[in-house]
Every structure is written in C-alpha cells, then in structure tokens.
Amino acid sequence: PLIGEFSSGKTTLINSLLDNPNLETASRATTASIFEIHFGAPACRAEIVSESGALESVDDVSTIKNEHLKHVDVIKVYDTSKRIGSSTILVDTPGLSSNDPAHRIALSSYLPNADAILLLTDVNQQLTRSIIDFLNASKLVSKPVYVVITKCDTKTPDEVAQAKAYIQQAIEFPFAGIITVSAAKGEMSEFDTLIDEI
C-alpha cells in the first residue's frame, strides 16, 4: 500500500508505472476507495468489487470516477505493464486527511495484509503529524515502512538532500528506508531499486 496525505503523489506515482495511466488524479482528495494495481496482465481492465461482493467489469479504466464509488470494497486494476513483477500488487489508498471516516476504516483494515508499506510525502510538505500519529496508532512497527519523498523535481538537489536528512534525524519512527522520486519527470530509479529489494 501507498499511504500519505491527499495530493502527496500516490496516484501520480502509480500512473507513471502503468501502460494505461488513467487513474483519476487531482489537486483535491480524489482516491476514495482501495485500488489494487496488478501488473503484467494480458489486457488493461478493472473489476469493481462492491461491499456485498458483487463484481462489475470495466474495460476503460478512465471511466472510473471516485465520486461514483459508493459502497465499493476494492477496485482491482489490471495493467499490461511489466515495470513491476506480476507477483507484486501496489495499492492506492485514500489520503490520510480525508474527512470521511469510511476512508480511514478502509485503509486501516487493508494495511495488515501488507508485506511492506510505502509512505509517500511531498518534498514541499514533509511528514505531517497526522502521518506519524497514524503510523503509531496503527501499530505498523512490525511492517517495514519505507518513506518515498515525491515531487523532488520541484526542489534543488541540496534541498532534497536536506529533506531526506531531516526525516532521518528528526522523525522518531523505525523507517526501513527513505528514497526520493519525481514521477512527473520519470526519475524513478530509487523506486525501482526499492521494489526489487522488497
């Protein structure tokens, strides 16, 4: 799972890995449900699984809009990209600052299934208190948590290095690692290496 505040770059990062990069993004909170991203599929498509277990197949992922996803348990997106191995599932999650308690419940109930957690934070925002509180409250210390600093193209290399050093020194949480990316500029080498290691 990728977790973080809304607009931290979770969906943009996932879109940068896809052959069919049509997951909905915006500068406001958009991801309202859990999106499982499966790689190496024979065709791009999605399945919407409702809370009742009903399944709806969707051929065009761009038609999936969060404002229409009421009473949905999970959206399974299948993409032909081989950028990530087919045995790895990335999960796009609702932003931590959402005012809808259902979003927090969906996220909290999904996280125990994770092998590792990718905590995304915008280089311009840093780790907020709500992110740290959520990590501690969710008792995720038993899971490896990696920090992914996004939007690094908006800062100088020195400023990015300072942001990384701040997280390493000032945040009291046992992070398994800290990497930097710019999905918009295609600067994803550290992310690729991290996924291979995980």
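Residues numbered from 1 in each chain as written. Predicted model: local features only at pLDDT ≥ 70, side-chain atom pairs only at ≥ 80, totals over all residues. Heavy atoms only, no water.

Considerations on the overall build of the protein chain
Okay, step 1: On a plain count of helices and strands, the protein chain comes out with five helices and nine strands.
Okay, step 2: Starting at the N terminus and ending at the C terminus, the protein chain contains elements arranged as β-α-β-β-β-β-β-α-β-α-β-α-β-α.
Okay, step 3: By the compact-globule yardstick of 16 Å for 198 residues, the protein chain fits well, its C-alpha radius of gyration being 16 Å.
Okay, step 4: Overall, the protein chain is about 45 × 35 × 30 Å in size when its C-alpha atoms are taken along their principal axes.
Okay, step 5: Across the 198 residues of the protein chain, 48% fall into the buried class. (Helix = DSSP H or I, 4+ residues; strand = E, 2+ residues; numbered from the N terminus. Rg over C-alpha atoms; globule rule 2.2 N^0.38 Å. Buried < 20%, exposed > 50% of the residue type's maximum accessible area, 1.4 Å probe, protein only.)

With respect to the side chain of Thr 150
Okay, step 1: Positionally, Thr 150 belongs in strand β8 (residues 145-150).
Okay, step 2: Overall, Thr 150 belongs to the buried group, its relative accessible area being 4%.
Okay, step 3: Aside from chain neighbours lying at most four places away, what touches Thr 150 is Ser 8, Leu 120, Thr 121, Asp 122, Val 123 and Val 181. (Contact = heavy atoms within 4.5 Å.)

Topic: the environment of Gly 53
Okay, step 1: As for its placement among the helices and strands, Gly 53 is situated in the loop between β3 (45-50) and β4 (55-58).
Okay, step 2: Since its relative accessible area comes to 48%, Gly 53 is described here as partly exposed.
Okay, step 3: Separated by 19 residues in sequence, Gly 53 and Val 72 place their C-alpha atoms 8.9 Å apart.

Things to note about the pairing of strand β9 (residues 177-180)
Okay, step 1: For β8 and β9, the ladder comprises four bridges, and the chain directions are parallel. Paired with Ile 149 across the two strands is Thr 180, which belongs to β9.
Okay, step 2: Traced from β8 through helix α4 (residues 157-170) to β9, the parallel crossover comes out right-handed. (Pairing = 2+ DSSP bridges. Right-handed = clockwise from strand over helix to strand, strands pointing away.)

Remarks on the layout of surface pockets
Okay, step 1: The space that makes up the second largest pocket amounts to roughly 370 Å³.
Okay, step 2: Forming the boundary of the second largest pocket are 15 residues, of which Pro 1, Thr 88, Ile 89, Asp 115 and Ala 116 lie nearest the centre.
Okay, step 3: Broken down by element, the lining of the second largest pocket gets its largest block of residues, three residues, from strand β6 (residues 89-92).
Okay, step 4: For the lining of the second largest pocket, the class distribution of residues is 11 nonpolar, three polar and one charged. (1 Å grid on protein atoms, 1.4 Å probe; cavity = no way out; pocket = protein on both sides within 12 Å on 5 of 7 lines; lining within 4 Å. Points joined across faces, edges and corners; volume = space filled by probe spheres on them. Nonpolar A, V, L, I, M, F, W, Y, C, P; charged D, E, K, R; others polar.)

Observations regarding the side chain of His 38
Okay, step 1: Structurally, His 38 is set in strand β2 (residues 34-38).
Okay, step 2: A relative accessible area of 15% means that His 38 is categorised as buried.
Okay, step 3: With residues up to four places along the chain from it excluded, the contact list for His 38 reads Lys 76, Val 77, Tyr 78, Asp 79 and Ile 89.

Some thoughts on the packing of aromatic side chains
Okay, step 1: Counted according to the given criterion, the structure contains one aromatic pair.
Okay, step 2: The interplanar angle of 45° and the centroid separation of 5.0 Å between the aromatic rings of Phe 173 and Phe 175 together place this pair among those described as tilted. Taken as a pair, Phe 173 and Phe 175 share a single burial class, namely buried.
Okay, step 3: A cation over a ring is seen here: Arg 45 above Tyr 78, with NZ or CZ 4.3 Å from the ring centre. (Phe/Tyr/Trp six-rings, centres within 6.5 Å; stacked < 30°, edge-to-face > 60°. Lys NZ or Arg CZ within 6 Å of the ring centre and 35° of its normal.)

Examining the nonpolar core
Okay, step 1: One finds Leu 13, Ile 37, Ile 64, Ile 75, Leu 90, Leu 118 and Phe 191 to be the most contacted residues of the largest nonpolar core, which totals 32 residues.
Okay, step 2: Listing elements by their share of this core, those giving two or more residues are α1 (10-17), β2, β3, β5 (72-78), β7 (117-122), β8 and α5 (189-197).
Okay, step 3: Filtering out sequence-adjacent residues up to four positions away, Leu 90 remains in contact with Leu 2, Leu 17, Phe 35, Glu 36, Ile 37, Phe 39, Leu 118, Phe 191 and Ile 195. (Core = buried A, V, L, I, M, F, W, Y, C linked by side-chain atoms within 4.5 Å.)

Some details on unusual backbone geometry
Okay, step 1: A positive phi angle, near 60°, is found at Lys 151, a position not held by glycine.
Okay, step 2: In this fold, Lys 151 is placed in the loop between β8 and α4.

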